[in-house]
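Chains, contacts and geometry: an overview
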Amino acid sequence: MRLMVTGGAGYVGSVVAAQLVEAGHDVTVLDDLSTGHEDAVPDGARFVRADITQAHDALDGVDAVLHFAAKSLVGESVAKPGRYWANNLGGTLALLDAMRDKGVAKIVFSSTAATYGEPERSPIQESDPTRPTNPYGASKLAVDTALTAFAQVRGLGAVSLRYFNVAGAHGRYRERHTVETHLIPNVLKVATGERDNVSVFGTDYPTPDGTCVRDYIHVSDLARAHLLALGAIAPGEHKIYNLGSGTGFSVQEVISVCREVTGHQIPVVVGERRPGDPAVLVASSAKIQRELGWKPERAALGDIVSDAWRALSQNT
Ligand code: UDP
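This structure is a prediction, so every number in the text was calculated from the model and none was measured. (Residues numbered from 1 in each chain as written. Predicted model: local features only at pLDDT ≥ 70, side-chain atom pairs only at ≥ 80, totals over all residues. Heavy atoms only, no water.)

Let us now look at the overall build of the protein. Regarding its fold elements, the protein presents 9 helices and 14 strands. Dimensions of the protein along its principal axes, counting C-alpha atoms only, are 55 × 40 × 40 Å. Buried positions account for 53% of the 316 residues belonging to the protein. Considering only contacts within the protein whose residues lie at least 6 apart along the sequence, 78% involve residues at least 24 apart. Summed over its atoms, the accessible surface of the protein is roughly 13,200 Å², and 49% of this surface lies on carbon and sulfur atoms. Charged side chains of the protein number 30 positive and 36 negative; the gap between the two group centres comes to 2 Å. (Helix = DSSP H or I, 4+ residues; strand = E, 2+ residues; numbered from the N terminus. Buried < 20%, exposed > 50% of the residue type's maximum accessible area, 1.4 Å probe, protein only. Contact = heavy atoms within 4.5 Å. Areas by Shrake-Rupley, 256 points an atom, 1.4 Å probe, with all protein chains shown as cover. Lys, Arg positive; Asp, Glu negative; His and termini not counted. Charge placed at Lys NZ, Arg CZ, Asp CG, Glu CD.)

Strand pairing in a sheet relies on backbone hydrogen bonds. The paired strands run either parallel or antiparallel. Taken in spatial order, the 7 strands of this open sheet run 3-2-1-4-5-6-11, and their pairing is parallel. Since the sheet does not close on itself, it has two edges, and those belong to strand 3 (46-49) and strand 11 (238-243), each with one partner. Taking the axes of each pair of neighbouring strands and ignoring which way they run, one obtains an average angle of 20 degrees across the sheet. Relative to strand 4 (residues 64-67), strand 1 (residues 2-6) runs parallel, the two being bridged by 4 bridges. Paired with Met-4 across the two strands is Val-65, which belongs to strand 4. Sheet strands in contact with helix 6 (residues 219-232) are strand 1, strand 4, strand 5 (106-112), strand 6 (157-163) and strand 11, and its direction is about 160 degrees off that of strand 6. (Pairing = 2+ DSSP bridges. Axes fitted to C-alpha atoms, helices over the stretch in contact; angles between N-to-C directions.)

It is worth spelling out the site of the ligand at this point. Around the ligand, 14 residues are found, and the nearest of them are Leu-183, Ser-199, Arg-214, Arg-274 and Asp-277. In the environment of the ligand, an oxygen atom lies 2.9 Å from a nitrogen or oxygen atom belonging to the side chain of Asn-165. Measuring from an oxygen atom of the ligand, one finds a backbone N or O atom of Thr-181 at 3.3 Å. Protein chains shield 88% of the accessible area of the ligand, which is 510 Å² for the free molecule. Going through the elements one at a time, helix 5 (183-192) and strand 8 (198-201) are the ones with two or more residues in the shell around the ligand. Top contributing element to the shell around the ligand by residue count: strand 8, with 3 residues. (Near = heavy atom within 4 Å. Polar contact = N/O pair within 3.5 Å; in protein donor to acceptor, adjacent residues only side chain to side chain.)

Another point: the domain arrangement of the protein. Domain boundaries assigned for the protein yield domain 1 (2-166 + 217-243) and domain 2 (168-215 + 246-282 + 294-314). On a C-alpha basis, the centroid separation for the pair domain 1 and domain 2 is 24 Å. Opposite the 31 residues of domain 1 that make contact, domain 2 presents 28 residues. Taken together, both faces of the contact between domain 1 and domain 2 bury some 2,500 Å²; the carbon and sulfur share is 53%. Sorting the residues of domain 1 by area buried against domain 2 places Tyr-11, His-218 and Asp-221 first, and these three jointly supply 24% of that buried surface. At the surface where domain 1 touches domain 2, the tally comes to 2 salt bridges. One salt bridge connects Asp-39 with Arg-176, and the closest N-O pair in it is separated by 2.6 Å. Applying the counting criterion to the domain 1 and domain 2 interface returns 12 residue pairs in polar contact (both at pLDDT 80 or more). Going through the elements one at a time, helix 1 (11-22), strand 7 (165-167), strand 10 (216-218) and helix 6 are the ones with two or more residues in the side of domain 1 that touches domain 2. Here the side of domain 1 that touches domain 2 is composed, by residue class, of 17 nonpolar, 9 polar and 5 charged. (Domains from an automatic or database assignment. Buried area = accessible area lost by both parts, 1.4 Å probe. Salt bridge = Lys/Arg side-chain N within 4 Å of Asp/Glu carboxyl O. Nonpolar A, V, L, I, M, F, W, Y, C, P; charged D, E, K, R; others polar.)

Attention shifts here to the packing of aromatic side chains. In total, this model carries 0 aromatic pairs according to the counting rule given. The ring of Phe-150 carries the charged tip of Arg-154 above its face, separated from the ring centre by 3.9 Å. Over the ring of Tyr-205 we find Arg-273, and its NZ or CZ is 3.9 Å from the ring centre. (Phe/Tyr/Trp six-rings, centres within 6.5 Å; stacked < 30°, edge-to-face > 60°. Lys NZ or Arg CZ within 6 Å of the ring centre and 35° of its normal.)

Once that is clear, we can look at the UniProt feature "domain: NAD-dependent epimerase/dehydratase" (unreviewed entry) in the protein. UniProt marks residues 4-244 with the feature "domain: NAD-dependent epimerase/dehydratase" (unreviewed entry), using the numbering shown here. In residues 4-244, helix accounts for 34% and strand for 20%; the two terminal C-alpha atoms are 25 Å from one another. (UniProt positions renumbered as here; feature names shortened; annotations may be inferred.)

A complete count under the given rule lists 17 salt bridges for this structure. Taking the shortest distance from any N to any O, the salt bridge between Asp-307 and Arg-298 comes out at 2.8 Å. Residue Asp-307 is classed as buried on the basis of its relative accessible area, which comes to 10%. Under the relative-accessibility criterion, Arg-298 is labelled partly exposed at 31%. Ionic contacts of the salt-bridge type, sharing partners, join the residues Arg-298, Asp-303, Asp-307 and Arg-310 into one network.

What follows is the structure, encoded as structure tokens:
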């Protein structure tokens, strides 16, 4: 297929683009490099440096779009909500209009567990209430809502994948955010000597060891789900699937595994809770397993951290 990957110079987008090229697809990466890296665009993919509102010309002859380009920092979204609404919702609506104009009627969308907000039960199912607690989650949910409407009225075929905590590396493709907020890369930066210690944001949550519990999914497993999603697109339907490994690990457990993998002692500083962090976020991925036959292959936290550590040690 001829595919456009928006945000294909970013962490998840570059891994998906690499897997699509490996599978023999014709891939165009569209990325404005606001947070991505041009050297992350896989060999064999065409690269267009442009904003998602400028995708029109590059959509000629494209069969489907995989849409990753977005702003994704929760804290920034609270401080600067306009950016999130303009880019994540406004930008996506412009992209969807350009797609309609060019007769591109298939999309896979990078959605998030942040659409659910504070969950009522664990694991979270797709039918659970969506009550985002920050503009980032709200802007992603708004796109999901628009996709449902466009599927109904325009015959668009859409699949949204709601990611839980993506981590690990796929070959040389790893997490390289300029502003790094995520736990695993921040812990590993202590092991490389880039940071002196890691802050644990709260130890008084109602969890077994008092730290937050998250569902970490290997980026290779996550990416593979996009190829399955592409094959499952049906005209006039918007399908939504959670994507996680289905097991929760606490912040303390993550740090312990990082100590084992790196052999570094990784000093910890206990800090305040980070506003808006739910105590437990674990996915039920039963729906995508049942309907698309997806299965995580590197769900063990040791594998996820080892792959992230290997890619980081080889590339810094
Ligand atoms: N966290 C932490 N220290 C850090 C980064 C994150 O204690 O330096 C905690 C954070 O409060 C949350 C968990 O680790 O409970 C996962 O956070 P991350 O930002 O990786 O992902 P999120 O769940 O927010 O999407």
